[in-house]
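# Topology and contacts: notes
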Amino acid sequence: MSLYPKILIPLLTLMCSFNALSAEEKDLSEHQEWLKSKFAEQHKQLIPIVAVADILFACNKVNDQGYGGYSLDILITKMDKAQLAGKLSSCLGDESVSSERAINYGLLGCFSDQLNDLPANEKSERMTLVKKAINSLSLEEKKKSFTQCVTDQSISYLQ
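Right, let's walk through the structure included here. It should be emphasised that the depicted structure is a prediction, and the values quoted were computed from it without experimental measurement.

### Concerning the overall build of the protein
The number of helices and strands found in the protein is six helices and zero strands. Starting at the N terminus and ending at the C terminus, the protein contains elements arranged as α-α-α-α-α-α. Here the protein holds 159 residues, and the buried ones make up 29% of them. Long-range contacts, defined as pairs at least 24 residues apart, comprise 70% of the intrachain contacts of the protein with a sequence gap of at least 6. When the accessible surface of the protein is totalled, it reaches about 10500 Å², and 57% of it is carbon and sulfur.

In structure tokens, the structure reads:
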């Protein structure tokens, strides 16, 4: 009986914590499913707006188009869709929204938004890493990354 109590007590504690964790995970999963079903349509409609805003935000920043330095929040939540599309078309010129250059802008805009809570110097360092990572990806990988980033980013703009 000397070793068993020493082994059994931590083992039972561990097993109980697994059961509690499973219950928490189940509750979280149910809550996420509820959120998805409640906001699915709104999220679906928001994704293209966020994508266009991300591309415009970075394109404007890189090319200094003089659009007043709109924040992503303003572009996504306040600007009319037609005005947003017009400004993007003007900024991209002959480039397509699905071009590699536009996708690069989109990734920069999306990650810039995701890193907004960081101090300026840390955000700048991380954005340098993002730029390096973007340059090392294939177009397909960039498109997948942009899609995932925008999908995640859109959730924060649901109202």
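Right, picking up where we left off after that structure.
### A look at helix 4 (residues 100-114)
The first and last C-alpha atoms of helix 4 sit 21 Å apart over 15 residues, in line with the 21 Å expected at 1.5 Å per residue. Residues of helix 4 that are buried include every one of Ala102, Ile103, Tyr105, Gly106, Leu107, Leu108, Gly109, Cys110, Ser112 and Asp113, and no others.

### Looking at the pattern of salt bridges
Applying the stated criterion to the full structure yields three salt bridges. The shortest N-O distance in the salt bridge between Arg126 and Glu122 comes to 3.2 Å. Of this pair, Arg126 and Glu122 both sit in helix 5 (residues 120-136), four residues apart, which is roughly one turn of the helix.

### Regarding the state of the cysteines
Enumeration according to the criterion identifies two disulfides in this entry. Across the disulfide, Cys59 is cross-linked to Cys91 (sulfur-sulfur distance 2.1 Å). For the disulfide bridge between Cys59 and Cys91, the dihedral angle about the S-S bond is near -105°, and by the sign convention the bridge is left-handed. Of this pair, Cys59 sits in helix 1 (residues 3-63) while Cys91 sits in helix 3 (residues 81-92); the two residues are 32 residues apart in sequence, bridging distant segments of the chain. Like Cys91, Cys59 is buried. Indicated for the protein is the disulfide connectivity 1-2, 3-4, based on numbering the bonded cysteines in sequence order.

### A short note on the nonpolar core
Grouped together as the largest cluster of nonpolar side chains are 32 residues, with contacts concentrated most on Ile55, Leu72, Leu75, Ile76, Leu84, Leu92 and Phe146. Listing elements by their share of this core, those giving two or more residues are helix 1, helix 2 (72-77), helix 3, helix 4, helix 5 and helix 6 (139-156). With 10 residues, the top contributor of residues to this core is helix 1. Excluding residues within four positions of it along the chain, Ile76 makes contact with Leu46, Ile49, Val50, Ala53, Gln153 and Tyr157.

### A look at the side chain of Asp54
Along the chain, Asp54 falls in helix 1. Within the buried set, Asp54 has no salt-bridge partner at all; the shortest N-O distance to an opposite charge, 10 Å, is to Lys123. What Asp54 contacts, discounting residues up to four positions off in sequence, is Leu72, Tyr105, Gly106, Gly109, Cys110, Phe146, Val150 and Gln153.

Analysis parameters
- Throughout this description, residue numbers start from 1 for each chain and increase along the sequence as written.
- Local features in a predicted model are, by the rule used here, given only for residues with pLDDT of at least 70; side-chain atom pairs are given and counted only at 80 or more, and totals for whole chains, interfaces and linings are based on all residues.
- Hydrogens and water are ignored here; the side-chain numbers use all heavy atoms of the structure.
- A run of H or I in DSSP becomes a helix once it reaches four residues, and a run of E becomes a strand once it reaches two; helices and strands are each numbered from the N terminus.
- Type-normalised accessible area, obtained with a 1.4 Å probe on protein chains alone, sets the label of each residue: buried when under 20%, exposed when over 50%, and partly exposed for intermediate values.
- For this analysis, residues touch if any pair of their heavy atoms sits within 4.5 Å.
- Using a 1.4 Å probe, the Shrake-Rupley method yields the accessible areas, and only the shown protein chains count as cover for residues.
- Take the number of residues in a helix, subtract one, and multiply by 1.5 Å to get its expected span.
- Salt bridge, as applied in this entry: a Lys or Arg side-chain nitrogen positioned within 4 Å of an Asp or Glu carboxyl oxygen.
- Count a disulfide wherever a pair of cysteine sulfur atoms falls within 2.5 Å.
- Residues enter a nonpolar core if they are buried and are Ala, Val, Leu, Ile, Met, Phe, Trp, Tyr or Cys, with the set joined through side-chain atoms within 4.5 Å.
- For this count, His and the chain ends are skipped, Lys and Arg are scored as positive, and Asp and Glu as negative.

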